[in-house]
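Chain by chain, the residues run as shown.
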Amino acid sequence: MKGNLIKQIAIFLALLLGSGLLMQFVWQVSEPAPSPAAYSAEKVNLALRRTAHLLLKESGDSTTRIPPVSQTGERSWLVPLNRSFSYDSLPAILHTSFELHQIATPYNVGILRCDDGQLLLGYHFADHVQNNDVTCGGRELPPDCYQLQVTFLTETPASRPMPVTGWLISAVLAVTLFGIGKKWSHRPAQTENSDQERASEGITFGHSRLDVNNLALYCGAVRHHLTYREAKLLHLFVQHPNQVLERSLILNNVWADEGVLVGRSVDMFVSRLRKMLRDDPSIQLVAVHGVGYRLEVG
């Protein structure tokens with residue numbers, strides 16, 4: 001009896017501490033205040049030049065000189081492209097460039113016309129990261145001179161004390177969670193494998209389904225047995241539909257655990273997956289010359 005009481009007190013204190021930390025986090029992000037930028041001019045310059053290079057290269061232009069990146073404000077940067085490019089490819093390439101240079105600050109993106117600076121297209125980074133559907137996606141840019149503008153947003157301050165009301169809310173939340181936990185602890189056991197069964201149902205894309213756990217691909221009534229590496233590669237494509245994945249990104253995500261990265265491995269495994277997916281006309285693995293691959297899902 002005494003042991004159960006001590007155990008319940010320990011659980012309650014843990015819930016109280018967890019609720020307090022959660023409320024502290026909510027308090028921190030609810031009222032953002034300026035803080036030193038978590039990026040340097042050199043990192044931004046390199047990331048934007050890489051982005052411009054890959055956009056032009058994807059458009060078939062590997063010779064045009066990329067103009068210098070300029071800082072137009074405290075948090076705004078601009079790089080001229082001087083020609084049209086694929087707007088749909090921009091979000092993935094730009095975000096990957098920021099990740100490579102360890103820039104994690106939220107940002108807005110704008111496409112400006114060179115002659116008058118008019119904003120033509122743009123999006124918030126969360127549209128790409130969270131929804132994979134940026135504003136104005138699918139629009140074609142007519143031949144013209146364009147500028148890519150990136151504006152970094154205000155960051156969350158490092159530390160601010162939470163008021164007493166926050167801790168009171170934390171206590172109420174802890175009591176509520178403790179009560180719910182006790183109620184559920186007395187419920188009869190249900191199927192413990194439900195999560196595993198749900199996971200084994202797989203991921204649907206187009207008219208196909210990928211079962212990562214069982215290394216299986218279903219195209220219509222046909223089941224294909226996958227190797228570990230084939231399943232891992234297809235899973236990466238399925239997680240990023242209609243996005244250009246660079247060869248270096250694919251190698252680092254699928255083959256990094258081997259220690260030795262062989263670029264030819266990507267082409268070979270993509271060829272295998274194409275043969276398996278040919279029975280599904282809604283799906284196509286497309287090579288983006290000089291960049292990587294894109295899984296097009298109708």
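See the structure shown above.
Okay, so let's go over this structure. (Residues numbered from 1 in each chain as written. Predicted model: local features only at pLDDT ≥ 70, side-chain atom pairs only at ≥ 80, totals over all residues. Heavy atoms only, no water.)

### Some points on the pairing of strand E11 (residues 283-288)
Strand residues, when the strand is regular, have side chains that alternate between the two faces of the sheet. Examined bridge by bridge, E11 and strand E12 (residues 292-297) share six bridges and lie antiparallel to one another. Paired with leucine 285 across the two strands is leucine 295, which belongs to E12. In this antiparallel pair of consecutive strands, E11 and E12, the connection spans three residues, and glycine 290 shows a positive phi of 80°. (Pairing = 2+ DSSP bridges. Helix = DSSP H or I, 4+ residues; strand = E, 2+ residues; numbered from the N terminus.)

### Thoughts on the packing of helix H7 (residues 228-239) against helix H8 (residues 247-254)
At a closest axis distance of 10 Å, the pairing of H7 and H8 adopts a crossing angle of 130°. Taken together, the axis directions place H7 and H8 in an arrangement best described as oblique. Seen along the crossing, H7 lies across H8 with a hand that is right-handed. Contact residues: H7 offers Arg229, Lys232, Leu233, Leu236 and Phe237, while H8 offers Ile250, Asn253 and Val254. Of the residues assigned to the contact of H7 with H8, the class counts are five nonpolar, one polar and two charged. (Axes fitted to C-alpha atoms, helices over the stretch in contact; angles between N-to-C directions. Parallel < 35°, antiparallel > 145°, perpendicular 65-115°, else oblique. Left-handed = near helix turned anticlockwise from the far one by under 90°. Contact = heavy atoms within 4.5 Å. Nonpolar A, V, L, I, M, F, W, Y, C, P; charged D, E, K, R; others polar.)

### A short note on the nonpolar core
In this structure, Leu48, Leu90, Leu94, Phe98 and Phe152 are the most contacted members of the largest nonpolar core, which totals 33 residues. Among the secondary structure elements, those contributing two or more residues to this core are helix H2 (41-58), strand E2 (76-80), helix H3 (90-100), strand E3 (107-113), strand E4 (119-124), helix H4 (125-131) and strand E5 (146-152). Ignoring any residue separated from it by four or fewer positions in sequence, one finds phenylalanine 98 in contact with Ala47, Leu48, Ile103, Tyr107, Val150 and Phe152. Counting residues in each nonpolar core, the second largest holds 26 residues, with Leu234, Leu236, Ile250 and Leu273 among its members. (Core = buried A, V, L, I, M, F, W, Y, C linked by side-chain atoms within 4.5 Å. Buried < 20%, exposed > 50% of the residue type's maximum accessible area, 1.4 Å probe, protein only.)

### A few points about the sheet that holds strand E7 (residues 208-211)
The four strands lie next to each other as E6-E7-E8-E9, forming an open sheet whose pairing is antiparallel. Two strands close off the open sheet at either side, each with one partner strand: strand E6 (203-205) and strand E9 (222-225). The average angle at which neighbouring strand axes cross in this sheet is 20°, direction not considered. Taken together, the four bridges between E7 and strand E8 (residues 216-219) define a ladder with antiparallel strand orientation. The partner of aspartate 211 across the bridge, within E8, is alanine 216.

### Focus: the packing of aromatic side chains
The full count for this structure, using the stated rule, is six aromatic pairs. When the centroid spacing of 5.0 Å and the interplanar angle of 75° are considered together, the rings of phenylalanine 98 and tyrosine 107 count as edge-to-face. Since its relative accessible area comes to 2%, tyrosine 107 is described here as buried. Summarising the aromatic geometry, the rings of tyrosine 107 and phenylalanine 125 are spaced 5.4 Å apart at their centres and angled 40° between planes, so their arrangement reads as tilted. Here tyrosine 107, found in strand E3, pairs with phenylalanine 125, found in helix H4; they are 18 residues apart in sequence, far enough to count as distant. Classification of phenylalanine 125 by relative accessible area gives buried; the value is 17%. Ring-pair connections join several aromatic residues into one group, and the members of that group are Phe98, Tyr107, Phe125 and Phe152. (Phe/Tyr/Trp six-rings, centres within 6.5 Å; stacked < 30°, edge-to-face > 60°.)

### Looking at the state of the cysteines
For the structure on display, the rule yields one disulfide. Across the disulfide, cysteine 114 is cross-linked to cysteine 145 (sulfur-sulfur distance 2.1 Å). Judged by the sign of its S-S torsion, about -70°, the cystine formed by cysteine 114 and cysteine 145 is left-handed. Of this pair, cysteine 114 sits in the loop between E3 and E4 while cysteine 145 sits in the loop between H4 and E5, and the two are 31 residues apart along the sequence. When its relative accessible area of 25% is taken as the criterion, cysteine 114 is described as partly exposed. (Disulfide = S-S within 2.5 Å.)

### Brief notes about the sheet that holds E11
The strand order E10-E12-E11 describes an open sheet built from three strands, whose pairing is antiparallel. A strand with exactly one partner marks an edge of an open sheet, and here the two such strands are strand E10 (244-246) and E11. Across the sheet, the axes of successive neighbouring strands diverge by a mean angle of 25°, strand direction being ignored.

### Here's the deal with the pattern of salt bridges
Scanning the entire structure with this criterion turns up six salt bridges. Measuring nitrogen to oxygen at the nearest pair gives 3.5 Å for the salt bridge that ties aspartate 115 to arginine 113. Across the salt bridge formed by arginine 247 and aspartate 267, the nearest N and O atoms sit 2.9 Å from each other. Highlighted residues: arginine 247 in helix H8 and aspartate 267 in helix H9 (residues 263-277), separated in sequence by 20 residues. Beyond isolated ion pairs, a larger network of salt bridges with shared partners links Arg113, Asp115 and Asp116. (Salt bridge = Lys/Arg side-chain N within 4 Å of Asp/Glu carboxyl O.)

### Section: H7
Spacing of three or four residues puts side chains on the same side of an α-helix, whose turn is 3.6 residues. Relative to the 16 Å expected for 12 residues at 1.5 Å per residue, H7 spans 17 Å between its end C-alpha atoms, a close match to the ideal helical length. If you check which residues of H7 are buried, you get Arg229, Glu230, Ala231, Leu233, Leu234, Leu236, Phe237 and Val238. (Expected span 1.5 Å × (residues − 1).)

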